[in-house]
Amino acid sequence: MSAAAVRGPVHGAGDTADPSTARPRSIDLRLALPALVGWLTAVVLVGVSGAAAAVALAALALAIGAAIACRRPGRAAGRAGETWVTAVLAASIPSLVAVAVTAAAVALAAPARLPPVLAGELERGATVAVVLELEQTVQPALDGGPDAGSTFGGGTSADALIVAVTPADASLAANGSTLSEAAPVAVRVPVRVLGLEATERLPLGTRLEGRVRVIPLDAGEDRVALVRAVTELAPIGRPPPVVGAADGLRAGFLELMQPFEGDGGDLLPGLAIGDTTAVSDDLDADMKRSALSHLTAVSGANCAIVVGLVLGIGALARWPRPVRVAVALAALGGFVVLVTPEPSVVRAAVMAAVVLLALASGRPARGLPVLGLAVLGIIVLDPWIAREYGFVLSVLATASLLVLAGPLATLLGRWLPAPLALPVAVPLAAQVACQPVLILLAPEVPLSGVLANMLAAPAAPVATIVGMVACLLAPIIPPLAMLVAGIAWLPAAWIAGVARVCSALPGALLPWPEGAVGALLLAALTVAALIAAGLPAPLGSPRLRLRVAMAAVAALAIIAGATAGAAALRALGRPADWVIAQCDIGQGDAVLVRSAGAVALIDTGADPALLARCLDTLGITRLDLLVLTHFDLDHAGGVPAVVGRVETVLHGPTGRPSDEAVLDALAAGGATLRLSGEGDRGTLGDYAWRLLGPPDHRGVEPGNDASLVLELRPGPACPRCPSMLALGDLGAEAQLRLAAAHDLRPVDVVKVSHHGSPDQHLPLYATVAAPLALIGVGAENTYGHPAPGLLAELAAGGTTVVRSDAHGLALIGPPAVGQSALRVWVERGAVEQLAPADAVDPAAPADAVGGAG
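In what follows, the accompanying structure is described. (Residues numbered from 1 in each chain as written. Predicted model: local features only at pLDDT ≥ 70, side-chain atom pairs only at ≥ 80, totals over all residues. Heavy atoms only, no water.)

1. Describing the nonpolar core
Put simply, the rule reads: By nonpolar core is meant a set of buried Ala, Val, Leu, Ile, Met, Phe, Trp, Tyr and Cys residues that side-chain atoms within 4.5 Å join together. Only protein chains enter the accessibility calculation, which uses a 1.4 Å probe; a residue whose area is less than 20% of its type maximum is buried, one above 50% is exposed, and one in between is partly exposed. Starting at the N terminus, helices and strands are each numbered in turn, a helix being any DSSP run of H or I of at least four residues and a strand any DSSP run of E of at least two. In what follows, a contact means two residues having at least one pair of non-hydrogen atoms within 4.5 Å.
In this structure, F253, L292 and I495 are the most contacted members of the largest nonpolar core, which totals 54 residues. Looking at which element gives the most residues to this core, the answer is helix α18 (residues 478-503), with 10 residues. Those residues in contact with I495 that lie beyond four places of it in its chain are L267, L271, M287, L292, L295, A456, A459 and A460. With 31 residues, the next largest nonpolar core counts L772, A810, I812 and L822 among its residues.

Here is the structure:
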C-alpha cells in the first residue's frame, strides 16, 4: 500500500501529514461493528439451509421493537436504569438491521444458486447439457501437458458460471442438434470446472458449451458444485470487447517477456498484471515463506500503488481534491480491467477504493466506517464470500492500514528515520493483522517477512508501474516496450532475490500450533503485543502495559518452545521399521514402500522440492522401483527430484510429448523403462507385487482410467507386513470394471483413488475392507477433495483415513509382537480411532489402528 493511501485515513492531516508526527485519533466503530455482526451472520447462515428467512424476520422485528422502545413517549429521562436500557437498545439497532439485511440476502440468493432445473438433473444422476461462462482466464497447457499449478485429471481447473441448462427432455439429441436449438433455461450457478482441456487461451468471459457431470458441494462453499466435462467443451462466445482487448494486452506482455530469463522475467508479469503462470513452484514457495506472495496476488496494495501514483501526479499538478480522486478511481477501474476483473481482483479494488474515499473525505474518522459499509455491501451482494480466506485477509489488511499503520509508524519513528518508518510500518501492520488467519493455512510464522517486505517495498511500485507501462506499449511500440520491460526486470529480479535469500535465512519460519487453537493463541498474543506497545492508542498505565508485555513474551516463549519440542519429540518417535510412507507433497500422490532394503515409490506428486524433502527426511537415496500410475502433473511432476536415483520405472501408456519427456529424463538418468499393464508381476524385498490394470490390450487411452493399479502382498519372510492396494486415479466406472475383472481380496492399506474425489465405486472399498486408507491431498484445495460422502462411507466401514493435508508425513509399520494393529505415526494431528473395537488389541499403542493382517 502506498504512503499516500495510508496517510490521510489514519491521521487526518490531509495529503501531506507526516505519520511519524501525527497524533492518533479515536477509532469510529459505528458501522464497523454492525458490519462484523452481518459478516458473522453470513458465515453461519450460508451453511444452514432454510434458516435465513426466519432469522431475517426475527432480526427485523427486534430492530423495529428496539426503535419503538427508544422513542416511547413519557420515559423519565432521569431514571438511570431506563436510560441505560435505552442506550443499549439504540446501539443494537444497526447490528440488528445488518443481521436482517444479510439474512434476507442469503434467503433471496440461495434458491438461484441451485435452481430447480439443475436440481432435478442432479437427483436423476444424469449428465447435464450446459453453457459455461469462465470467471478467469485459462491458459493452454504447455507442450500438451497439464498447466502447472492447476492440473486435474490431465487438464486445468477454473471458476465459471453455469449460465444455461438444458432439461433432460430437451437435451442434446443423438441426431446432432445443438444446445442452442434445445431452448436452454437461463441460470447463474457458480461452479468450478475440472479437467478443462484448453488448446488455446480462453479469456475471462468466454462461453463454453457441452455436457458435464455436476458434483454438488457443501452448502457453505463459495462454489455450488464441481463440474467435469463428459463431452468436449466447445467455445461458443467470446468475452465483451473491453475485456477481450485487455486480454490481448496481457497475452502480448507475456510474449514480450519471453526473452527475459531468470526469476526476474518469470516474476514481472505477476507483479505488473497478476499473471503468475511463469512463476516456478520453488520461487512461489520462497515468495510465500518470505511473506511476499501478496505482491503477485493483485491485492489492495497493488491497487493502491496505481492510485498513489495518480494522486501524486495530481498533487504535483495542483489538481483539486475531487479531480484527483475521480482520476484515481478511473485509473483503478482501468487497472482492474487490465489484470482481469475476476471476483478476487474486484474485491481488492473495492478495498482500495475504500481507502480512496476515506482520503477524499478529509476526515480520517470516516475510514473505518466506510470500510464497514463496503464489507457489508460485498456480503449482501454475495453472502457466500464471507467464508473465503481471501476476503478475510483483504478486510484485515485494509483495516490494519486504516487503524494501525499510522500509529505504528509514529512508534517506529522513535528509532528509525522518518522516510523508513512508514515503509516498515505498512507491511508490519498488515502481517500482524493477517497472521492469525494465515495460521489456519500454514502453521508457521514467517519471522523474515517484515525484513523481506521492507527490502522489497521500494522495488514493488517500480516493477508494477513500469511493468504496466511496458504492457500498454507492447502492441504500439514493441522496441520501446522491450526497453521499458528491461527496466522493470531489474526491480522484479531484486524482489525475487529478496524472496530467495529471506526464505533461506536460519529461523525464517517459526513453527506454530495448527488449527483454530493456534490461530486463537496468536490472535491473543497479537492483542497483548498491541496493548503493550500502546497501539493504536495507549490503554492503561505504563506499568500495566509493561506487565502485559512481559506476559506476552513469556507466553510466546512457552508456545514456541512447546511447539518446537513437540515436533522434535514426534520426529524422535518415528518408527524406524516403517514399511509404507505417505509423503506430504500437496495436491498429489507420493507413496513409498520399503522392504528388506528395497524401496519403491508410487508416483511423485507435482513439486520436486517437496518430494526431495520427503526423501531426505526418510533417508531415501535410491529407488529400486518407480511406479508412475499415469502422467498427470500431480503424479509425475516431481520426477526431476528422482532422476538418476531410479533402477526400474513401471509406466502406462503415453499420450503427450510431455509424457515422453518425463520418460526420456528418467532413461537419461540410467533408469530402465518398462511399459506395464494388467498381469505384470515382480518382487520388492519380501513383497510380491502385481498390476491389476490397466487392461493389457491395444487402444487404452492415457489418463486417469488408464492408471496402473498396484497390489502388494507380503511374502513368507514378512507375514505381518501390511498389504496394500494403490488405485491411482481411477474413476467410478473404471473401478467397477476392475472389481468385475478381478477377485479382489481384503488388504490392510488402500491408497484411495483420485485424492478422494466423489467419483468412486464404493462397493470396491467395502470389498477390500482396508482398516487404513491413505489420501494424498493438498490443504484448502479447490477441488472439494476429499469428498465428505466418501469419508463418511469409509468411516461407516471401519476404515481410518490418513490425509496428507491434515496429518502431513505418515509412516505405517507392521503390528508389534503380540498385537494385531498396524502402527501409524503422523507428522501432525492425530489419527482418529475408527476401526471396530474388536479389531484393535487393547494393549496396542494409542496411535495404532486395526489391521487385516
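2. Description of the packing of aromatic side chains
Which entries qualify depends on this criterion: Paired rings are identified among Phe, Tyr and Trp, the last through its six-membered ring, by centres lying within 6.5 Å, and are further divided according to the angle between planes into stacked (under 30 degrees), edge-to-face (over 60) and tilted (the rest). Any Lys NZ or Arg CZ that is within 6 Å of a ring centre and within 35 degrees of that ring's normal is treated as a charge sitting over the ring.
All told, the structure shown has 1 aromatic pair when counted by the stated rule. Relative to F391, the ring of W39 lies with its centre 5.1 Å away and its plane at 65°, an arrangement referred to as edge-to-face. In this pair, W39 sits in helix α2 (residues 32-45) while F391 sits in helix α13 (residues 389-403), placing the two residues 352 residues apart along the sequence. Assessed through its relative accessible area of 12%, W39 is described here as buried. Accessibility expressed as a relative area gives 0% for F391, which makes it buried. Above the ring of W825, the side-chain terminus of R574 is found at 5.9 Å from the ring centroid. Directly above the aromatic system of W578 lies the positively charged group of R594, at a separation of 4.0 Å from the ring centroid.

3. A word on helix α15 (residues 418-438)
Stated formally: To estimate how far a helix should reach, multiply one less than its number of residues by 1.5 Å. What the bend at a residue measures is the angle between two axes, fitted to the seven residues ending there and to the seven starting there.
In this model α15 runs 30 Å from its N-terminal to its C-terminal C-alpha over 21 residues, within 8% of the 30 Å that 1.5 Å per residue would give. Its axis deflected by about 35° at V432, α15 carries its strongest bend there, up to four residues before the proline P436.

4. Remarks on the sheet that holds strand β19 (residues 724-726)
Rules: Pairs of strands are assigned from DSSP output, requiring at least two bridges between the strands. Working convention: axes come from line fits to C-alpha atoms, limited for helices to the stretch in contact. Angles between N-to-C directions cover 0 to 180 degrees.
If you trace the 7 strands from one edge of the open sheet to the other, you get β16-β17-β18-β19-β20-β21-β22, paired in mixed fashion. What marks the edges here is a single partner per strand, and that holds for β16 (681-684) and β22 (800-803). Neighbour-to-neighbour, the strand axes of the sheet open up by a mean angle of 20°, direction not taken into account. Where β16 and strand β17 (residues 687-693) come together, 4 bridges link them in antiparallel fashion.

5. Some details on the pairing of strand β21 (residues 772-775)
Going by this rule: With its strands directed away from the observer, a crossover is right-handed exactly when the path from the first strand over the helix to the second travels clockwise.
Burial along β21 is two-sided: the face carrying L772 and L774 and the face carrying A773 and I775 are both buried. Bridge analysis of strand β20 (residues 749-751) against β21 gives 3 bridges, and the strand direction is parallel. Residue pairing across strands places K751 opposite L774, the latter belonging to β21. Taking the sense of rotation as the criterion, the β-α-β connection linking β20, helix α25 (residues 762-768) and β21 turns out right-handed. Handedness of the crossover joining β21 and β22 through helix α26 (residues 788-796) is recorded here as right-handed.

Nothing here speaks to function; it is all geometry.
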